[in-house]
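Coordinate analysis (summary)
Each chain is listed here by its residues.
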Amino acid sequence: MPSTHHRACHLCEAICGLVIETEGQTILSIKGDPDDPLSRGHICPKAIALRDIHEDPDRLRQPIRKVRHADGHVEWQEISWDEALDATADALFDVHERHGVDAIGVYLGNPTVHNIGMMTHQNNLFRFLRTRNRFSATSVDQLPHHLVALWLFGHKAMFPIPDIDNTDYFLMLGANPVASNGSIWTVPDIRRRIRDLKARGGRLVVLDPRRTETADMATEHHFIRPGNDALFLAALLQTLFHEGLAKPGHLTPLLRDLDSVADAVRDFTPESVTEATGIAADTIRGIARDLASAPRAICYGRMGVSTQEFGTLCQWLIAMINIATGNLDRPGGSLFTLPAVDQVSNTGPGGFARHHSRVRQLPEFDRELPSSALADEITTPGEGQIRALFTGAGNPVLSTPNGRQLDEALASLEFMVSLDPYLNETTRHADIILPPTSPLEHDHYDLAFHMNAMRNTARYNPPIFERAEGCLHDWEIFSALGERIANRLGLEPKPAQPPHAMIDAGLRAGPYSEARGSEHALTLEKLKRNPSGIDLGPLQPQLPERLFTADHMIHCAPPPVLADLDRLRRHHLAADNVGQLRLIGRRHVRSNNSWMHNYHRLVKGRDRCALMVHPDDLAARGLADGARAELASRTGTLTVTLEASEDIMPGVVSLPHGYGHDRAGIRMQTARANAGVSCNDITDDRFLDGLSGNAAVNGVPVTLAPCDESPLSAGTAGEGIRA
Ligand SMILES: Nc1nc2c(c(=O)[nH]1)N[C@H]1C(S)=C(S)[C@@H](COP(=O)(O)OP(=O)(O)OC[C@H]3O[C@@H](n4cnc5c(=O)[nH]c(N)nc54)[C@H](O)[C@@H]3O)O[C@H]1N2
Ligand SMILES: Nc1nc2c(c(=O)[nH]1)N[C@H]1C(S)=C(S)[C@@H](COP(=O)(O)OP(=O)(O)OC[C@H]3O[C@@H](n4cnc5c(=O)[nH]c(N)nc54)[C@H](O)[C@@H]3O)O[C@H]1N2
Ligand code: SF4
Ligand SMILES: [Mo]
């Protein structure tokens, strides 16, 4: 008898509702759930990969331990959970005893925030490992959003969310939601929402060095030279002030230091930034006037403006533009969410620069150091050097800058353990891999993404399958390891309450609880009775109550941000800003960071890892479409296949990240067969947003030249594995 299950897709931030039909252990079909109040039936081609992940023979089902033979041969052996957890606890405790807690490094990757148990239970382990050497994908991603939220609104997770369904004018920079399905903006079915915006006479203006799938749907697209958005945004804000268009309206009584902001950007005239940005002064003025005169407008920017040299300035300027035009905290502009489990109110506000990385003095944020510092912290001797590493749901060898350097650094560790279902480019360096249950074997609640969703909803899904015998969930692994470390330290472990009990408690204390007088009276039981999810209504204005600053004001002019404008001025004058070839990234709807290339249905078809180059740039170097060429940066060289494209701005080349699966010793057959190259082999751990320490994986200075096709120039780092 087939049975029907409701389930959220956990692969990207759109959190689409699915209806999954199963029979026994077999998945018969995966479809969009039309009754889901947020996604309303939308899915993308990746949803079918839920089945592929579940069934993938390469997915590890039991812990494995690396055995090094005398002849240098490396072998992996399956071991029991008790053995694996004991050996891991022993090794971590040993490093802790000999070198102190900072000798243990931690790196957590992106799927952590898509996984309820990793969110709720990581501290069952990390409370006993209070190392300063914590790292995560945040600093290759959204770190600038957090800093701006903290400084302006008093809490790291206070993100203004674009209300696309009610807006008239949408200015978007460095985001490609038609491929990515949205980020720091949970917005399933973006295509239809863009079509609706245009149908009601609204406009979408996209600034991107590539004419992307999103730019293709826009009413207007402008190329912008990578890394110069802060200049464009500063000139836009300057125009708003200069032309008297800055009218914060209802926000006025909440604003501190708006005058200082106007002073700070006074010298960024549209004329002064035209050459650097590639955008005409009249165009900048036109956009400023359109944005100001639209009844309801949004300015939004994502990866392209966050993971670049001025990521924090860009996010601050975007927030200031929304504030100056009165579009923050009002329908049709950008609003704050009120999630059912209110992880904004439930977590600390976060802090910045309370300590710095040992080797390069990069600032912490929220007790994490920039991932660009990880390799140096492993390889530089001295007190506090990382000797053991825990990775969870992360693949930093492919996803952080200068991946080859990190690859080599990982090979030098005394001990490494990975909580991960795959033996991949990063986890091949581990001594022990702890694989969690398949996603469909545990329950699901989107603690993180309801916080960023364009509508308030809540949804809980029980597991679809019984877990395979002898398998542990991510949260159980954290708890079991925490218990063992606590015992060795002579401390009390934290009792492990399952995640669903914590969700129930969160719902019962949250804004839609009976205790708070809400008609929804949300509990876990109620969510279980409504498997497609419960609609809690559109985003509502919430200021000043929702502000977390001590004075309940918006602090418009954080001193570190104003000071950083001088760095922008120096960059503006630098001789190599214009004329230097720049590398940017690219996402494809059938791919997801580094770990979804092992599913045949998603990777089949044409090579998606080619370098997009403008025909003029090819001609200038004597190169041709389809040829191989050498792409080089300060950190290394890659041999790439060229793809001529008029859709990319001259002077810019684009390569997706997350490929490069040809390293020795990985166990992902399909990915290996479609290896591609890793663009992070040539991104640069020293190329950063100087204010936040966020990696600048976009706008990397590169050179492109015909290939010297000797076998040694092929871009692999397959030899780095520790034997
Ligand atoms: N050049 C360049 N670099 C980039 C980016 C870019 O645009 N350009 N994007 C950056 C961004 S935005 C991000 S978020 C990072 C991502 O960087 P990472 O998070 O480091 O890398 P992922 O590719 O997401 O790897 C996820 C890992 O989690 C494992 N995994 C999957 N599901 C689970 C699970 O349920 N439990 C556990 N324990 N493990 C699981 C996978 O097997 C894989 O090893 O990459 C960044 N790097
Ligand atoms: N299919 C798919 N979906 C995904 C992911 C995936 O890997 N694949 N990853 C998920 C994750 S972890 C994240 S964080 C989100 C990211 O979501 P998005 O940020 O929407 O996705 P990107 O494709 O990285 O978009 C960045 C855009 O910035 C442009 N760009 C690069 N440099 C610059 C610049 O200097 N200025 C400007 N203005 N633009 C620039 C690029 O051309 C690109 O179009 O996507 C999520 N969804
Ligand atoms: S857009 Fe695709 S990958 Fe993202 S949640 Fe929806 S179905 Fe899953
Ligand atoms: Mo991300």
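Structure: above.
Computed from a predicted model, the values in this text were never measured in an experiment. Along each chain, residues carry numbers from 1 onward, in the same order as the chain's sequence is written. Here the convention is simple: chains get letters from A, ligands get numbers from 1, in the order in which they are written. Per-residue local features are limited, in this predicted model, to residues with pLDDT of at least 70; the limit for side-chain atom pairs, both in listing and counting, is 80 or more; totals at the level of whole chains, interfaces and linings are taken over all residues. The basis for every side-chain value is the complete set of non-hydrogen atoms in the structure, without hydrogens or water.

1. Details of the sheet that holds strand β27 (residues 628-633)
Spatially, seven strands are ordered β30-β25-β29-β26-β28-β27-β31 in an open sheet, and the strand pairing comes out mixed. In this open sheet, the two edge strands, each paired with only one partner strand, are β30 (700-701) and β31 (703-706). Paired strands, as defined in this entry, are two strands with at least two bridges between them according to DSSP. Helix numbers and strand numbers start at the N terminus; a helix is a DSSP run of H or I with at least 4 residues, a strand a run of E with at least 2. Where strand β26 (residues 611-613) and strand β28 (residues 636-644) come together, three bridges link them in parallel fashion. Within the sheet, the bridge partner assigned to leucine 611 lies in β28 and is leucine 642.

2. What about helix α17 (residues 403-411)?
Note on exposure labels: buried denotes an accessible area under 20% of the residue type's maximum, exposed denotes more than 50%, and partly exposed covers the range between, all computed with a 1.4 Å probe on protein chains only. Of all nine residues in α17, seven are buried, a share of seventy percent or more. The complete set of buried residues in α17 reads Gly403, Arg404, Leu406, Asp407, Ala409, Leu410 and Ala411. Next to the buried residues of α17 lie α15 (374-379), β17 (388-392), α16 (396-399), β18 (415-419) and β28. Between two residues, a contact is recorded if the distance between any of their heavy atoms is within 4.5 Å.

3. Structural notes on the site of ligand 2
Any residue with a heavy atom positioned within 4 Å of a molecule or strand is treated as near that molecule or strand. Around ligand 2, a shell composed of 31 residues is seen, among which Asp208, Asp229, Arg587, His588 and Ser591 lie nearest. Throughout this description, a polar contact denotes any pair of N or O atoms lying within 3.5 Å of each other; where both atoms belong to protein, one of them has to be capable of donating a hydrogen while the other can accept it, and for residues adjacent in sequence the pair is counted only when both atoms sit in side chains. In this structure, an oxygen atom belonging to ligand 2 sits 2.8 Å away from a side-chain N or O atom of serine 180. Glycine 304 places a main-chain nitrogen or oxygen 3.5 Å from an oxygen atom of ligand 2. A total of 920 Å² of accessible area belongs to ligand 2 in isolation, and the protein chains cover 98% of it. Within the residue set of the shell around ligand 2, elements represented by two or more residues are α5 (177-180) and α12 (303-306). Partitioning the shell around ligand 2 into residue classes produces 11 nonpolar, 14 polar and six charged. Residues lining the shell around ligand 2 come from more than one domain, with at least three contributed by each of domain 2 (160-335 + 557-561) and domain 3 (576-706). Accessible areas in this description were obtained via Shrake-Rupley with a 1.4 Å probe; residue shielding takes into account the shown protein chains only. We call Asp, Glu, Lys and Arg charged. Ala, Val, Leu, Ile, Met, Phe, Trp, Tyr, Cys and Pro are nonpolar, and the rest, Gly among them, are polar. As used throughout, domain bounds are those supplied by an automatic or database domain assignment.

4. As for the packing of helix α8 (residues 229-242) against helix α11 (residues 281-293)
Two quantities define a packed helix pair, namely the angle between the helix axes and the distance between the axes. Interaxial angle, 0 to 180 degrees, is taken between N-to-C directions of lines fitted to C-alpha atoms, where a helix line uses only the stretch in contact. Between α8 and α11, the least distance of the axes is 9 Å, while the angle of their chain directions is 60°. Between α8 and α11, the angle falls in the class oblique. Like other packed secondary-structure pairs, α8 and α11 cross with a definite hand, here right-handed. Side by side, α8 and α11 meet where Phe232, Ala235, Leu236, Thr239 and Leu240 of the first sit next to Ile284, Arg285, Ile287, Ala288, Leu291 and Ala292 of the second. Split into classes, the residues belonging to the contact of α8 with α11 amount to nine nonpolar, one polar and one charged. For classification, angles of less than 35 degrees are called roughly parallel, those exceeding 145 degrees roughly antiparallel, those between 65 and 115 degrees roughly perpendicular, and all remaining angles oblique. Crossing handedness is defined as follows: a turn of the near helix away from the far one that is anticlockwise and smaller than a right angle gives a left-handed crossing, while the clockwise case is right-handed.

5. Quick notes on empty space enclosed by the protein
Residues are called lining when one of their atoms sits within 4 Å of a cavity or pocket point, these points coming from a 1 Å grid over the protein atoms alone, where a cavity is a set in which a 1.4 Å probe fits but cannot get out and a pocket is an open set with protein on both sides within 12 Å along at least five of seven lines. Grid points are joined across faces, edges and corners, and a volume is the space filled by probe spheres set on the points. Considering all chains together, one arrives at seven cavities of 30 Å³ or more under this definition. Volume-wise, the largest cavity comes out at about 200 Å³. Lining the largest cavity are 17 residues, and of these His145, Pro160, Gln315, Ile318 and Ala319 lie nearest its centre. Counting only elements with at least two residues in the lining of the largest cavity, the list comes to α4 (143-153), β13 (297-301) and α13 (311-324). Here the lining of the largest cavity is built from residues that sort into 12 nonpolar, five polar and no charged. Approximately 90 Å³ is the volume found for the second largest cavity. Considering the residues around the second largest cavity, the lining is formed by Cys9, Leu11, Cys12, Ala14, Ile15, Cys16, His42, Ile43, Cys44, Lys46, Ala47 and Asn181.

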